[in-house]
Amino acid sequence: MTSISPEAQSVHTDDLGSLVVLSWRSTTPDGDVPYLLACSLGDGANGPEATSKAIEQLLTDAGLPPGEGLVHATQRPSLPVGLLVVPGSAVLTVRHLRSQFVPPETWLDAVGKLGYAYLIFATRPWPEGAEPGDVETLAAFTSDEDVLTSAAHVVLPARSLRS
């Protein structure tokens, strides 16, 4: 479930469309890394191009200009970006946007071990007609150079209700 608070004034919220958050983990030589992909389905009021511009504005307003490179949120504590992880679910917050999602247990385990997740917030919409949970589409989307260079990338510490 995604919600947008009414304070989001510089972003045309009708243009954001349906936002999805996908979570997965990948095994690397250093261990399991939990990833998050946030993106729109491109179904905003004025189409995919307006959606991309609205996402770019949202990210820029949050201090995450797309294409800036990797941002370590711990080094920029004023960023209005957060990840709250509780047993069985998580909430991603980017400025006035909040999205609750249910990640796989393996993702929760990886976040618990590392204490962070790697967020890719894409300005490009999810491919039209593809299901958000489709693993092959996810792999293609997250390895597409245009998607990656136009996205915000954040190492995002995970908070819990105990922290």
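Residues numbered from 1 in each chain as written. Predicted model: local features only at pLDDT ≥ 70, side-chain atom pairs only at ≥ 80, totals over all residues. Heavy atoms only, no water.

## Observations regarding the packing of aromatic side chains
Okay, so step 1: Throughout the structure, instances matching the rule amount to four aromatic pairs.
Okay, so step 2: The interplanar angle of 70° and the centroid separation of 5.8 Å between the aromatic rings of Phe101 and Trp107 together place this pair among those described as edge-to-face.
Okay, so step 3: For Trp107, a relative accessible area of 0% puts it in the buried group.
Okay, so step 4: Considering the side-chain rings of Trp126 and Phe141, the 5.2 Å spacing of their centres and the 55° angle between planes classify their relative orientation as tilted. (Phe/Tyr/Trp six-rings, centres within 6.5 Å; stacked < 30°, edge-to-face > 60°. Buried < 20%, exposed > 50% of the residue type's maximum accessible area, 1.4 Å probe, protein only.)

## Some remarks on the pattern of salt bridges
Where charged atoms from two side chains of opposite charge approach closely, those side chains can pair.
Okay, so step 1: Summed over all chains, the structure comprises three salt bridges.
Okay, so step 2: Where Arg25 meets Asp32, a salt bridge forms, and the shortest distance between an N and an O atom there is 3.8 Å.
Okay, so step 3: You can call Asp32 partly exposed: its relative accessible area is 31%.
Okay, so step 4: Across the pair Arg76 and Glu68 runs a salt bridge, and its minimum N-O distance is 2.9 Å. (Salt bridge = Lys/Arg side-chain N within 4 Å of Asp/Glu carboxyl O.)

## Notes on the nonpolar core
Okay, so step 1: With 31 residues, the main nonpolar core has Leu83, Trp107 and Phe121 as its most contacted residues.
Okay, so step 2: Here this core takes four residues from helix H2 (residues 47-61), the largest share from any one element.
Okay, so step 3: Once residues within four sequence positions are removed from consideration, Trp107 is found in contact with Ser23, Trp24, Arg25, Pro34, Tyr35, Leu36, Leu83, Val85, Ala90, Phe101 and Ala117.
Okay, so step 4: If you look at the next biggest cluster of nonpolar residues, it comprises 14 residues, including Val20, Trp24, Val33 and Ile120. (Core = buried A, V, L, I, M, F, W, Y, C linked by side-chain atoms within 4.5 Å. Helix = DSSP H or I, 4+ residues; strand = E, 2+ residues; numbered from the N terminus. Contact = heavy atoms within 4.5 Å.)

## Remarks on helix H3 (residues 105-114)
Okay, so step 1: Of the positions making up H3, those classed as buried are Trp107, Leu108, Ala110 and Val111. End-on view of H3: buried residues confined to an arc of 160°, all on one side of the axis. In this structure, H3 carries Glu105, Gly112 and Lys113 as exposed residues pointing more than 90 degrees from its buried face.
Okay, so step 2: Among the residues trailing H3, Gly115 stands out with phi positive, at a value near 85°. (Arc of directions from axis to C-beta.)

## A closer look at the confidence of the model for the protein
Okay, so step 1: Averaged over every residue, the pLDDT of the protein is 90; the share at 70 or more is 91%.
Okay, so step 2: Mean pLDDT in the protein bottoms out at strand E1 (residues 2-4), which sits at 48, and peaks at strand E8 (residues 116-121), which reaches 97. (pLDDT = per-residue confidence, 0-100.)

## Re the pairing of strand E9 (residues 152-159)
Okay, so step 1: By the bridge criterion, three bridges tie strand E4 (residues 70-72) to E9 in an arrangement that is parallel. Note on E9: the bridge partner recorded for Leu70 is His153.
Okay, so step 2: Two strands pair when backbone bridges link them, and strand E5 (residues 81-86) and E9 are joined in this way by two bridges, in the parallel orientation. Considered in E9, the bridge of Leu84 is made with Arg159.
Okay, so step 3: Sheet topology note: the E8/E9 ladder contains six bridges and is antiparallel. Looking at E9, one finds that Tyr118 is bridged to Val155. (Pairing = 2+ DSSP bridges.)

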